[in-house]
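# Structural description and commentary
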Amino acid sequence: MSRTLHLNAFLMGVGHHEAAWRHPRADPSRLADVRHFQELARIAERGTLDSVFLADGLAVGPAVRHNIQAVFEPITLLAAIATATEHIGLIATASTTYTEPFNLARAFASLDHLSGGRAGWNIVTSAQAREARNFNLDDHPAHADRYRRAAEYVDVAIKLWDSWEDDALVLDTAAGVFADTGRVHEIDHAGERFRVRGPLNTPRPPQGRPLLVQAGSSADGIAFAARYAEAVFTAQQTLADGQAFYAALKRATADAGRDPELVKVLPGIAPVIGGTEKEARALADELEALIVPEHALAQLSGMTGLDLTGLPLDGPLPDLPDTGAVQSHQSRYQLVVDLARRELLTLRQLIGRLGGGRGHRVVVGTPEQIADQIELWFTQGAADGFNVMPPLLPDGLEAFVDHVVPLLRRRGLFRSAYTGRTLREHYGLPRPASVYATRELVAS
């Protein structure tokens, strides 16, 4: 098969299920232990997965009493993981709304150098008012405004990464020349939101620039991904929805003048794995029984932008506004509403369905059944790979690596060994040329 499946391990605490930390097979005390995350990365690397991915938020969640919170800033944590691994890619989430391009470009360039070319940036715009209130704002900017800022932000970051050409370092000790100043460029960016002179005070990263990843499926998100993204993390519940998003994104990418094959679509999948289907279902039921309804309703309120606390759990989801009126995560909002309406779920049933993946697809079954679903979406135009979200960590990741990955290899869908060194090579993506080198070619 000419296409190669891409698999990314999404690492979240001790598991993706919101009640994972309460399960007997989890150890929540390891949340602040870097060795836990290094172990998870080594497990993923043993399975030759493309990358590990860390989500992030810039505020304590709405129900910290009942649920674990992220402990470490992700770029810092990935630098520690880099020292414990050799091949696996390292993708960190960072917001364009509450950071500045120069600082973030430097941090990712540093991570790429420290890891030998394995860094990736999951570009998010942030969506919660509680984050805004940590950054001198009363509320978060409007959805469209956040994406406009993000576009200029990424343009600035790319210019900064390119501000040192690949051969700018001379290192001539005899002549006392460190760098060719003709190949180190002030970017002199003066835009609507940013004024940045440059150059970056870190030489060009080994990959040229980190892999650019985007997570979001709204109209604004698709347009942004079509322009910038090289991998897209997304959430769909049905094969038909997955196929529709895949086609829409690839079409938008082509319309933006880019090769659609160079943008990898990776839906989330939360595999609950058992030796038998009955065992897998028993684990899923155990985790669902540990959900704290108070916390789950707070999470759902955050997704929908409507206060659902106090409503009867065995009643239906109340009427909600149209997606266009929502300023938070529009695509996830629509997914939740569609799921509840399509399956006529009560609030209790809905929070149970969302507990395993926060809107990402939960698949319960044997390794063969998990592999079947991955193959189906991959071969039927719904995915180029998957963002794997085990319900328990490390157990769920070990089960996926030791029992699902070998099946995918035997089916000719997935690699048996790394064939490249950098994250871009894992994804089959070229190393981009510097914008300054391109200008020189045009001038000559």
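So, here is what we can say about the structure in this document. (Residues numbered from 1 in each chain as written. Predicted model: local features only at pLDDT ≥ 70, side-chain atom pairs only at ≥ 80, totals over all residues. Heavy atoms only, no water.)

Here we come to the nonpolar core. Grouped together as the largest cluster of nonpolar side chains are 71 residues, with contacts concentrated most on Leu7, Trp121 and Trp161. Look past the residues within four positions of Leu7 in its chain and what remains in contact with it is Leu49, Asp50, Ser51, Phe386, Val388, Phe400, Val405, Leu408 and Phe414. Listed in part, the 18 residues of the second largest apolar core include Leu290, Ala296, Leu350 and Leu354. (Core = buried A, V, L, I, M, F, W, Y, C linked by side-chain atoms within 4.5 Å. Buried < 20%, exposed > 50% of the residue type's maximum accessible area, 1.4 Å probe, protein only. Contact = heavy atoms within 4.5 Å.)

Below, the discussion takes up the packing of helix α1 (residues 34–46) against helix α13 (residues 395–410). The contact between α1 and α13 brings their axes to 9 Å, and the two run at 10°. When the axes of α1 and α13 are compared, the pair comes out roughly parallel. Residues Leu40, Ile43, Ala44 and Arg46 of α1 lie in contact with α13, whose contacting residues are Leu397, Glu398, Val401, Asp402 and Arg409. Per-class residue counts for the contact of α1 with α13 are 5 nonpolar, no polar and 4 charged. (Axes fitted to C-alpha atoms, helices over the stretch in contact; angles between N-to-C directions. Helix = DSSP H or I, 4+ residues; strand = E, 2+ residues; numbered from the N terminus. Parallel < 35°, antiparallel > 145°, perpendicular 65-115°, else oblique. Nonpolar A, V, L, I, M, F, W, Y, C, P; charged D, E, K, R; others polar.)

So, about the pairing of strand β10 (residues 231–234). Side chains on a regular strand alternate between the two faces of the sheet. Side chains Ala231 and Phe233 project from β10 onto one buried face, and the interleaved Val232 and Thr234 project onto a second face that is buried too. Where strand β9 (residues 211–215) and β10 come together, 3 bridges link them in parallel fashion. When the bridges of β10 are listed, Gln214 appears paired with Val232. On the question of chirality, the crossover connecting β9 to the parallel β10 by way of helix α6 (residues 219–228) is right-handed. Pairing analysis gives 4 bridges linking β10 to strand β11 (residues 264–273), with the strands arranged parallel. Across the sheet, residue Phe233 finds its bridge partner in β11, namely Leu266. A crossover connection joins β10 to the parallel β11 through helix α7 (residues 239–255); in handedness this β-α-β unit is right-handed. (Pairing = 2+ DSSP bridges. Right-handed = clockwise from strand over helix to strand, strands pointing away.)

In this section: empty space enclosed by the protein. Under the defined criterion, the tally for this structure stands at 2 cavities of 30 Å³ or more. If you add up the space inside the largest cavity, you get close to 70 Å³. Only α9 (293–304) and α11 (347–354) provide two or more residues apiece to the lining of the largest cavity. The element that contributes the greatest number of residues to the lining of the largest cavity is α9, accounting for 4 residues. Within the lining of the largest cavity, the residues separate by chemical class into 5 nonpolar, 1 polar and 2 charged. (1 Å grid on protein atoms, 1.4 Å probe; cavity = no way out; pocket = protein on both sides within 12 Å on 5 of 7 lines; lining within 4 Å. Points joined across faces, edges and corners; volume = space filled by probe spheres on them.)

Following both chains from N to C, one finds helix α3 (residues 101–115) and helix α5 (residues 143–162) inclined at 50°, their axes separated by 9 Å at the closest point. If you check the angle between α3 and α5, you find them oblique. Here α3 and α5 pass one another in a crossing that is right-handed. On the side of α3, the interface is formed by Pro101, Phe102, Leu104, Ala105, Phe108 and Ala109, while α5 contributes Tyr153, Val156, Ala157, Leu160 and Trp161. The class makeup of the residues in the contact of α3 with α5 is 11 nonpolar, no polar and no charged. (Left-handed = near helix turned anticlockwise from the far one by under 90°.)

Our next topic: the pattern of salt bridges. Going through the model one piece at a time under the given rule, you end up with 23 salt bridges. In this structure, the salt-bridge partner of Arg46 is Asp402, at a minimum N-O distance of 2.7 Å. One end of the pair, Arg46, is in helix α1; the other, Asp402, is in helix α13, with 356 residues separating them in the sequence. For Asp180, the salt bridge is made with Arg183, and the minimal N-O distance between the two is 3.7 Å. (Salt bridge = Lys/Arg side-chain N within 4 Å of Asp/Glu carboxyl O.)

Time to look at the pairing of strand β1 (residues 6–10). Counting buried residues in β1 gives 5 out of 5 residues, a clear majority hidden from the surface. Pairing geometry for β1 and strand β13 (residues 385–388), over 4 bridges, is parallel. From the neighbouring strand, Leu7 faces β13, where its bridge partner is Phe386. One ladder, built from 3 bridges, connects β1 with strand β2 (residues 51–54); its direction is parallel. Within the sheet, the bridge partner assigned to Ala9 lies in β2 and is Val52. The β-α-β motif built from β1, the intervening α1 and the parallel element β2 has right-handed crossover chirality.

It is worth spelling out the environment of Asp319 at this point. Along the chain, Asp319 turns up in the loop between α9 and α10 (330–342). Among the residues examined, Asp319 registers a relative accessible area of 72% and is labelled exposed. Separated by 13 residues in sequence, Asp319 and Leu306 have C-alpha atoms that sit 10.0 Å apart. Among residues more than four places away in sequence, those in contact with Asp319 are Leu306 and Arg341.

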